[in-house]
Amino acid sequence: TYISKFKSSMASTAHKTEEEKKEYFDSPEVLDQKVTMLAKMIKESKHFIAFTGAGISTSAGIPDYRSGIHTVLPTGPGAWEKLATGSKDKKKFVRKQMSSAVPTLTHMTFVKLMEEGYLKFLISQNVDGMHRKSGISPDKLAEVHGNTNVEKCQKCKKEYMRDYRVRNAEKVFDHKTGRKCTVPACQGDLCDSIINFGENLPKRELELGFLHGGKADLCLAMGSSLRVTPAADMPSATAEHGGKLVIVNLQATPLDKSAALLIHGMCDDVMKLLMSKLELVVPPFKLKRRVKIVLASEDKPKSKQVLRVEGIDSDGTPYTLFTKVELALGKTSLSSAKEPFTVLDINILDIVFATSR
C-alpha cells in the first residue's frame, strides 16, 4: 500500500550507526560559556534568524524523528527510528497529540526575541503548528514542510487555519481534504499543506528561506538533524555567505564543521539560560483568538443585511474556532452551524458563541 511504502521510505532515513545516534551534553560550566557567547552574537547581529526542527517540540510531548532507542528524551525514540528498528518498547513515554500540545519555553523565547527586535525571521521544518500557536507572525515565518492545521485552496490559494488536523487522505501524495473554499466565486478544492518526502517545497517558503538564510549574519539552528534538504541548505547558506551558524542539538549534524558554535544541551535549558544572559523574561503562553464580525449586504435571494461571524488568525486568515454561532434576544434566537457563519437578523443584541473546543 501507499502508506506501507511511505513508512518504509521514512524508516530508511533513520540514523544507521550508533555514532550517529549518540547524544552529547556540555557540562554546566561549558554550557554557560557557550550561551554567553551566543548572547553576545545576538546582541551584535544585524539580521538574526532561527531555523527549528522537531527537537524544540519534544518537551511539549511531540516525538522527533531520529532520536535513538536509548535517547534521554522523555518522548522516547524518534518516529523513523521506531520504524527502522521495529521498536515495541512498552516503557511509558511522555507523548501528546499535536493538536493538544502547548508551545514550549523555546517557542515562547522566539516570540520574545522577535518582539524585542533581535529575531528577524524564523524558518521551521516542523508541521506541528506550534510557532503560529505561540504568536509568531505568519509574515515572519516560513513553515517549509507545511502546517498540520492549515489547508489551502487549489484555485485561489486562500488559506484556512483550523483547530484540528486537516489531513485525512489515505494516499501519501493525495492532499485533498474533501472541504471546499468558501469564497463564493471560487468553491475550489481545499488541500492540506503538508510536504512529504519527494514533494517540492512551496514557492513562498522556499524563496523566503533562502533569502533570509543568505542574508543572515547569525543563524541559530535548534533541534534539527540538518539532514533534510533543501531545508537544511537554508542555515548552510548563512555560513556560506560569511554569517555565523550556531547549532543547538544533542546529536552531531552534517553542518557541524560549518558552525561557529556548537551547543550540546536540551533546547529549553539553553533558551532559559540565554534569556537570563539577555536579561529578558520568557512570556507565558496565552492562547489568543480573534473574531471578525461583519455587517454585510446580500442581494440574493432578496436584498437584505446579514451578520457574519468568523474566527481569524493574526493575518486575517480564516481560523476555525467555533462549531456554532447563536444570536439571541429574549426568547428569539437564530443560529448557524456551518462556516462561514451567517445569521439573517441584525436586530439582535446578544451574541452567544457556542463551541465544543
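For clarity, every value in this text was computed on a predicted model and none was experimentally measured.

Rules of the game
Residues numbered from 1 in each chain as written. Predicted model: local features only at pLDDT ≥ 70, side-chain atom pairs only at ≥ 80, totals over all residues. Heavy atoms only, no water. Helix = DSSP H or I, 4+ residues; strand = E, 2+ residues; numbered from the N terminus. Buried < 20%, exposed > 50% of the residue type's maximum accessible area, 1.4 Å probe, protein only. Contact = heavy atoms within 4.5 Å. Areas by Shrake-Rupley, 256 points an atom, 1.4 Å probe, with all protein chains shown as cover. Phe/Tyr/Trp six-rings, centres within 6.5 Å; stacked < 30°, edge-to-face > 60°. Lys NZ or Arg CZ within 6 Å of the ring centre and 35° of its normal. Core = buried A, V, L, I, M, F, W, Y, C linked by side-chain atoms within 4.5 Å. Pairing = 2+ DSSP bridges. Axes fitted to C-alpha atoms, helices over the stretch in contact; angles between N-to-C directions. Lys, Arg positive; Asp, Glu negative; His and termini not counted. Salt bridge = Lys/Arg side-chain N within 4 Å of Asp/Glu carboxyl O. Polar contact = N/O pair within 3.5 Å; in protein donor to acceptor, adjacent residues only side chain to side chain. pLDDT = per-residue confidence, 0-100.

Description of the overall build of the chain
Part 1 of the reasoning: Regarding its fold elements, the chain presents 9 helices and 16 strands.
Part 2 of the reasoning: Expressed as a percentage of the 357 residues in the chain, the buried residues total 48%.
Part 3 of the reasoning: Taking contacts inside the chain between residues at least 6 apart in sequence as the whole, the part at least 24 apart equals 60%.
Part 4 of the reasoning: When the accessible surface of the chain is summed, it comes to about 18100 Å², and 53% of that surface belongs to carbon and sulfur atoms.

Structural notes on the packing of aromatic side chains
Part 1 of the reasoning: One pass over the structure, following the stated rule, counts 0 aromatic pairs.
Part 2 of the reasoning: Its guanidinium or amino end placed over the ring of Tyr160, Lys158 lies 6.0 Å from that ring's centre, counting from NZ or CZ.

Remarks on the nonpolar core
Part 1 of the reasoning: Membership of the largest hydrophobic core comes to 32 residues, with the highest contact counts inside it found for Phe110 and Leu220.
Part 2 of the reasoning: Taken together, the elements giving at least two residues each to this core come down to helix H3 (28-44), strand S1 (48-52), helix H5 (105-115), strand S2 (119-124), strand S8 (218-222), strand S9 (244-248), strand S10 (261-263) and helix H9 (267-277).
Part 3 of the reasoning: Here this core takes 6 residues from H3, the largest share from any one element.
Part 4 of the reasoning: With 18 residues, the next largest nonpolar core counts Ala216, Cys219, Leu226 and Met234 among its residues.

Quick look at the sheet that holds S9
Part 1 of the reasoning: Ordered in space as S3-S2-S1-S8-S9-S10, the 6 strands form an open sheet in which the pairing is parallel. Every other strand in the sheet has two partners, leaving strand S3 (141-143) and S10 as the edge strands with one partner each. Strand-to-strand twist in this sheet, taken as the mean axis angle between neighbours without regard to direction, amounts to 15 degrees.
Part 2 of the reasoning: The pairing of S1 with S2 spans 5 bridges and is parallel.

Digging into the pairing of S2
Part 1 of the reasoning: Burial of S2 is extensive: 5 of the 6 residues sit out of reach of the surface.
Part 2 of the reasoning: Direction of pairing for S2 relative to S3: parallel, over a ladder of 3 bridges. Bridge pairing in S3 places Ile123 opposite Ala142.

Brief notes about the side chain of Asp256
Part 1 of the reasoning: Tracing the chain through its elements places Asp256 in the loop between S9 and S10.
Part 2 of the reasoning: No salt bridge is formed by the buried Asp256, whose closest oppositely charged neighbour, Arg227, lies at an N-O distance of 8.2 Å.
Part 3 of the reasoning: Among the polar contacts listed, one links the side chain of Asp256 to the side chain of Thr253, at a separation of 2.7 Å.

Concerning the confidence of the model for the chain
Part 1 of the reasoning: Averaged over all residues, the pLDDT of the chain equals 83, while 79% of them reach at least 70.
Part 2 of the reasoning: Low pLDDT, under 50, characterises residues 347-357; the predicted model gives this stretch 31 contacts beyond four residues in sequence or across chains.

A look at the sheet that holds strand S4 (residues 150-153)
Part 1 of the reasoning: Strand order in this open sheet of 4 strands is S5-S4-S7-S6, and the pairing throughout is antiparallel. Since the sheet does not close on itself, it has two edges, and those belong to strand S5 (159-161) and strand S6 (176-180), each with one partner. Across this sheet, the average inter-strand angle for adjacent strands is 35 degrees, counted without regard to direction.
Part 2 of the reasoning: Across 3 bridges, S4 lies against S5 in antiparallel orientation. Looking across to S5, one finds that Lys152 is bridged to Glu159.

Let's talk about the side chain of Thr109
Part 1 of the reasoning: In this structure, Thr109 sits in helix H5.
Part 2 of the reasoning: Exposure remark for Thr109: the relative accessible area of 0% places this residue in the buried category.
Part 3 of the reasoning: Here Thr109 is in contact with Met271, Met275 and Val282, once residues within four sequence places are set aside.

Remarks on unusual backbone geometry
Part 1 of the reasoning: Following Thr229, the chain continues to Pro230 via a peptide bond in cis, the omega torsion being 10 degrees.
Part 2 of the reasoning: Of note, Pro230 is situated in the loop between S8 and helix H8 (233-240).
Part 3 of the reasoning: At Lys157, a position not held by glycine, the phi torsion is positive, near 70 degrees.
Part 4 of the reasoning: Examined against the element boundaries, Lys157 turns out to sit in the loop between S4 and S5.
Part 5 of the reasoning: Look at Gln187: it is not a glycine, yet its phi comes out positive at around 60 degrees.
Part 6 of the reasoning: Note on placement: Gln187 falls in the loop between S6 and strand S7 (189-192).
Part 7 of the reasoning: Owing to a relative accessible area of 42%, Gln187 belongs among the partly exposed residues under this scheme.

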